[in-house]
Each structure stands twice: as structure tokens, then as C-alpha cells.
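Summary of the model geometry
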Amino acid sequence: MRAMKKIVILISGRGSNMQAIVRAAQAEQWPCRIAAVISNRADAEGLRFAAEHGIPTDVVVSKEFPSREVFDAALRTAIDRFSPDLVVLAGFMRILTPPFVEHYSGRLLNIHPSLLPSFPGLATHRQALDAGVKVHGATVHFVTAELDHGPIVAQAAVPVLPDDDEHTLADRVLVQEHILYPRAVRWFVEDRLKIENGLVRVLDDRAQAANT
Ligand code: GRF
């Protein structure tokens, strides 16, 4: 029997991706435990959902720290109390310092609402509309020191429709995020992700894109 993996999820707000992961883990009985949900904002809505589901929560308020380095050190202490096998960034709106990222190398996942390497950074739906792309989407990737880069685990494509604005497009991408992220985390839990030469191989899986 494989050991039960422990997952810590970091959020900054609504936490709908976190909720999708928690629900899927419960419904599909993944061999893992969501050990904690940690936020950098005390008012993050997702904290309530976590508490209601019996998941320990913690808050490390980023704006109370004098620098990124000091905040990241405090965050790391808060996370490592739970000895996680995997740390999941789910709408965690902070740029992390290289030592933090290095500490969780190979066990830190993020979801970004674009088809990377297109449109890193903020306002991805605006960027997609301005570029006139006809296909947009979301990417789950391992986190490396370079923002919104890192080995790609899975992607979901979403059509851009003629009348889309940022909100309609974001809503359509979010529906796919809620399918994609739980799937990717499950693969990690099942030891099916291998990073080779900076690329991810998903063991025993033919479809690497969610909607192909
Ligand atoms: C998602 O679109 C995620 O991809 C992005 O921020 C949003 C967070 O939403 N990084 P939620 O907090 O998971 O509801």
C-alpha cells in the first residue's frame, strides 16, 4: 500500500479550484489527505468552505510582513507544520521567492488561466482578447522560479467566442479549471507525474489535454 499523501492548498480568495479539488478527493476517494488550507488574506472566502469540511486552516497575512523573503519564510513554516508531499497553489496571488520555490521543488503545482507559454502574468483573459486568439484555456504546471513557467502537467482549451468579454471568457475557462486541476492533482497523488528534462510525462495516460 502506498503511503497516504498529504496536500496543503494555498488560496487568496474565492477558492473555487480548492473546492473542486477537495470535492473530487472526497468523491473519488483519492489516497490522500487535504492536510490544510492556508491563505495570505484573512478575508479569503475559501477559508469558510475548508473549515466547514473539517480541514485545518491557517492565515499568514502577507501585508503584515516587511519583505517577500520574510513572508515566504513564515509561509514555509506554516506549511511545513503539515509535512506536505504536495503544495497546491489555487488562486494564490503572490509571487514566490526562489528559495521558497526551490524548497518545494517537484512538489509545488499551480494553475494559470491561459494556455502557457502564452499570456503569463495577470489579466490573462484581457490579454487573450486583445491578441485575438481563437482558443484560450488553462494550464496546470509545476512551479519554478520563473513566473508562470515550469513543466506543464495538463492543459484545457476553451474557444473564444465572438461576443466574449473578460467575464464570459473567464467563466468558461473556470469551468475547465475545475475539471483540469483535480485531474492533475490526482495524477500527482497516484505517482503518475514524472519530470524528465524539464518536461512532464503522465504515466499511463493517452490524453494530455482535458478536452481532446
Ligand atoms: C483562477 O482563475 C486561477 O486560475 C487564477 O485565479 C483564479 C482563482 O480562482 N490563478 P479561485 O480562487 O480558485 O476561485
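One structure accompanies this document, and this report is about it. (Residues numbered from 1 in each chain as written. Predicted model: local features only at pLDDT ≥ 70, side-chain atom pairs only at ≥ 80, totals over all residues. Heavy atoms only, no water.)

1. Let's talk about the site of the ligand
- The ligand sits among Arg14, Gly15, Ser16, Asn17, Gly91, Ile111, Pro113 and Glu177.
- Between the ligand and Asn17, the relevant distance is 2.9 Å, taken from an oxygen atom to a main-chain nitrogen or oxygen of the residue.
- Contacts to the ligand include Glu177, whose side-chain N or O atom sits 2.6 Å from an oxygen atom.
- Out of a free accessible area of 370 Å², the ligand has 85% covered by protein chains.
- When atom positions are compared with the pocket grids, the ligand is found to occupy the largest pocket.
- In terms of residue class, the shell around the ligand is built from two nonpolar, four polar and two charged. (Near = heavy atom within 4 Å. Polar contact = N/O pair within 3.5 Å; in protein donor to acceptor, adjacent residues only side chain to side chain. Areas by Shrake-Rupley, 256 points an atom, 1.4 Å probe, with all protein chains shown as cover. 1 Å grid on protein atoms, 1.4 Å probe; cavity = no way out; pocket = protein on both sides within 12 Å on 5 of 7 lines; lining within 4 Å. Sits in = over half its atoms within 2 Å of the grid points. Nonpolar A, V, L, I, M, F, W, Y, C, P; charged D, E, K, R; others polar.)

2. Points about the packing of helix H5 (residues 124-131) against helix H6 (residues 166-189)
- At a minimum axis distance of 9 Å, the contact between H5 and H6 shows a crossing angle of 115°. Regarding the angle of H5 to H6, the classification is roughly perpendicular. Every pair of crossing elements has a handedness; the one defined by H5 and H6 is right-handed. Here His125, Arg126, Ala128 and Leu129 of H5 come into contact with H6, specifically with Glu166, Leu169, Ala170 and Val173.
- When grouped by side-chain class, the residues that make up the contact of H5 with H6 number five nonpolar, one polar and two charged. (Axes fitted to C-alpha atoms, helices over the stretch in contact; angles between N-to-C directions. Helix = DSSP H or I, 4+ residues; strand = E, 2+ residues; numbered from the N terminus. Parallel < 35°, antiparallel > 145°, perpendicular 65-115°, else oblique. Left-handed = near helix turned anticlockwise from the far one by under 90°. Contact = heavy atoms within 4.5 Å.)

3. Some words on the layout of surface pockets
- Within this model, the largest pocket holds a volume of roughly 1200 Å³.
- What lines the largest pocket is a set of 45 residues, among which Gly91, Phe92, Met93, Arg94 and Leu122 lie closest to the centre.
- Those elements that place two or more of their residues in the lining of the largest pocket are helix H1 (16-27), strand S5 (108-112), H5 and H6.
- Considering every element that reaches the lining of the largest pocket, the biggest residue donor is H6, with five residues. (Points joined across faces, edges and corners; volume = space filled by probe spheres on them.)

Read these as geometric descriptors, not functional statements.
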